[in-house]
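Inside the fold
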Amino acid sequence: MDRLPVLKQQEIQFDSPESCNMFRPSADKPFVATPAAISAYTAETIERCLTLLQGQANVHDGIDYLQVFKSPDETTEDLWFIEDGAGGAITALLPSDY
């Protein structure tokens with residue numbers, strides 16, 4: 001099993017109105033990952049990071065739309081998760097995808 005990237009502290013306060021995302025995929029909000037993210041990280045790692053985000057969202061009643069996981073090594077880009085608004089998706093991507 002590979003080492004899980006470390007979740008960085010989000011930039012906004014947890015009590016901010018913008019800290020309202022739950023990172024829960026649904027039919028209306030699918031979970032997707034870019035080809036680059038899938039190439040850089042295993043599917044298991046991406047899924048474990050999503051599960052960790054869902055736990056943080058539960059603890060804080062929501063988190064920021066952008067969450068960043070620091071790569072466990074210097075050769076791999078960080079792993080980002082972005083939750084788009086209504087009608088959007090939850091996306092795992094690399095900064096270079098943005």
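The structure reproduced in this document is the subject of the present report. (Residues numbered from 1 in each chain as written. Predicted model: local features only at pLDDT ≥ 70, side-chain atom pairs only at ≥ 80, totals over all residues. Heavy atoms only, no water.)

**Quick word on the overall build of the protein chain**
- In terms of regular secondary structure, the protein chain is built from 2 helices and 5 strands.
- Its C-alpha atoms give the protein chain a radius of gyration of 13 Å, near enough to 13 Å, the size a compact globule of 98 residues would have.
- C-alpha extents for the protein chain along the principal axes are approximately 35 × 25 × 25 Å.
- With 98 residues in all, the protein chain has 38% of them scored as buried.
- In the structure as shown, the protein chain presents an accessible area of about 5,700 Å², 53% of it carried by carbon and sulfur atoms.
- Placing the 6 positive and 16 negative side-chain charges of the protein chain at their respective mean positions leaves the two points 5 Å apart. (Helix = DSSP H or I, 4+ residues; strand = E, 2+ residues; numbered from the N terminus. Rg over C-alpha atoms; globule rule 2.2 N^0.38 Å. Buried < 20%, exposed > 50% of the residue type's maximum accessible area, 1.4 Å probe, protein only. Areas by Shrake-Rupley, 256 points an atom, 1.4 Å probe, with all protein chains shown as cover. Lys, Arg positive; Asp, Glu negative; His and termini not counted. Charge placed at Lys NZ, Arg CZ, Asp CG, Glu CD.)

**Let's talk about the pattern of salt bridges**
- By the definition in use, this model includes 3 salt bridges.
- Between Asp 78 and Lys 8 there is a salt bridge, and its shortest N-O distance comes to 3.7 Å. Placement of the pair is Asp 78 in the loop between β3 (66-70) and β4 (79-83) and Lys 8 in the loop between β1 (6-7) and β2 (31-33), with a sequence separation of 70 residues.
- The exposure class assigned to Asp 78 is buried, which follows from its relative accessible area of 15%.
- Residues Lys 70 and Asp 78 are paired through a salt bridge, measuring 3.9 Å at the closest nitrogen-oxygen approach. (Salt bridge = Lys/Arg side-chain N within 4 Å of Asp/Glu carboxyl O.)

**Things to note about the side chain of Lys 29**
- Positionally, Lys 29 belongs in the loop between β1 and β2.
- Separated by 3.0 Å, the side chain of Lys 29 and the backbone oxygen of Gly 85 make a polar contact.
- Setting aside residues up to four positions removed in sequence, Lys 29 forms contacts with Arg 24, Glu 83, Asp 84, Gly 85, Ala 86, Gly 88, Ala 89 and Ile 90. (Polar contact = N/O pair within 3.5 Å; in protein donor to acceptor, adjacent residues only side chain to side chain. Contact = heavy atoms within 4.5 Å.)

**A closer look at the pairing of β3**
- Across 2 bridges, the pairing between β1 and β3 is antiparallel. Of the residues in β3, the one forming a bridge with Leu 7 is Phe 69.
- Sheet topology places β3 next to β4; 4 bridges connect them, and they run antiparallel. When the bridges of β4 are listed, Leu 66 appears paired with Ile 82. (Pairing = 2+ DSSP bridges.)

**Focus on the packing of aromatic side chains**
- Applying the stated criterion across every chain yields a total of 3 aromatic pairs.
- Ring centres of Phe 31 and Phe 81 lie 6.2 Å apart, and the angle between their planes is 0°; on these two criteria the pair is classed as stacked. In this pair, Phe 31 sits in strand β2 while Phe 81 sits in strand β4, placing the two residues 50 residues apart along the sequence.
- Residue classification places Phe 31 among the partly exposed residues on the basis of a relative accessible area of 28%.
- Here Phe 81 falls in the buried class, since its relative accessible area comes to 0%.
- The structure contains a cluster of three or more aromatic residues connected by ring pairs, namely Phe 31, Phe 69 and Phe 81. (Phe/Tyr/Trp six-rings, centres within 6.5 Å; stacked < 30°, edge-to-face > 60°.)

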